[in-house]
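Given next are the chains, with one letter for each unit.
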Amino acid sequence: MRLALFIMTATAALVAATPALAQDGTQPSATPTSTLAADLDKDTITIAVAGAYLTDYEGSNDYRFVPAPAVQATISGYNIQVIGNRASVDLIRDRPGPVWDLQAGPIGVINFNRQSNKTIDDRRIRALGERNTAIELGGFVGIGKTGVITSDYDKLSATLSYRHDVNNAHDSDIWQPTVAYFTPLNLKTAVGLFVSAERAGGGYARSYYSIDGTQSLASGLAVYNARGGWKNWSVGLAGTYSVTGDLLHGWKAIGGINYRRMLNDFADSPVVSVAGSRGQWLAAAGIGYTF
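Remember, predicted model here, so these are calculated numbers, not experimental data.

1. Considerations on helix α4 (residues 202–209)
Here α4 lies mainly inside the structure; six of its eight residues are buried. For α4, the complete set of buried residues consists of Gly203, Tyr204, Ala205, Ser207, Tyr208 and Tyr209.

2. What to know about the pairing of strand β5 (residues 100–111)
Direction of pairing for strand β4 (residues 86–90) relative to β5: antiparallel, over a ladder of three bridges. By the bridge assignment for β5, arginine 86 is matched with valine 109. Judged from the twelve bridges that link them, β5 and strand β6 (residues 134–146) form a sheet pairing that is antiparallel. Counted as the bridge partner of aspartate 101 is glycine 144 from β6.

3. Digging into the sheet that holds strand β2 (residues 63–75)
Taken in spatial order, the twelve strands of this closed barrel run β1-β2-β3-β4-β5-β6-β7-β8-β9-β10-β11-β12, and their pairing is antiparallel. Geometrically, the sheet is characterised by an average inter-axis angle of 20° between neighbouring strands, direction not taken into account. With ten bridges joining them, strand β7 (residues 155–165) and strand β8 (residues 173–184) adopt antiparallel strand pairing. Among the inter-strand pairings, alanine 158 is bridged to a residue of β8, identified as valine 179.

What counts and what doesn't
- Residues numbered from 1 in each chain as written.
- Predicted model: local features only at pLDDT ≥ 70, side-chain atom pairs only at ≥ 80, totals over all residues.
- Heavy atoms only, no water.
- Buried < 20%, exposed > 50% of the residue type's maximum accessible area, 1.4 Å probe, protein only.
- Helix = DSSP H or I, 4+ residues; strand = E, 2+ residues; numbered from the N terminus.
- Pairing = 2+ DSSP bridges.
- Axes fitted to C-alpha atoms, helices over the stretch in contact; angles between N-to-C directions.

Following this line, the structure appears as structure tokens:
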């Protein structure tokens, strides 16, 4: 799901960066410069749905397909995202052009990790029992710069988010730094690259990666006491191509791939090292419409 979230977010950022191309004389001749330039100040909404191929649980070596719907809106310069199980609002207004971009706002995630045994193939993990749905609320801050490497229209940004479970599922904290780079190749094509990591508290480690004596007898996995710390790092690539119109209007294809590597006690837990895998590949593809 997180890969699908990134792909949708990447698409939204790439679309937002594209209007500047209209000021460089690279727009199609059939589209007046004045029309595209006017779009810089217009509100936009992107609706998308993707099919994601991802692990049964965090650290699993079994995979399944899930749908990942998304809505991304830019209203009066403010970015609003509702993407799968995640929602966020950037409360600092964006400005067009090659400028610095400050970001800050609330974020919320509904964490379904091991929430239902119906989605888990490995009987050993099913024997550990289901977990409550975690509702993780918090905020994020970040900074970005448009026009840094390939042209005046690419964007490099760094963000840091914080979430805390308020539903007593793991009753713990998650910190997530992310560095992302997006560049439009032309009015129809854009790509993005990101690296990210997550640091989780002790409650998260105990809830999803520790195994007590009773669970050990039921599952056959060894007793294990997991501690909090850096949980994983990941790197991903995403792209979008406009099938009709350009990146500002019409239908577009989106897709991406991501690699995640589990770390420390999370990787050493039998949940991962025996029943799963320290490394997981994720992929997603879908369609979207911007109007």
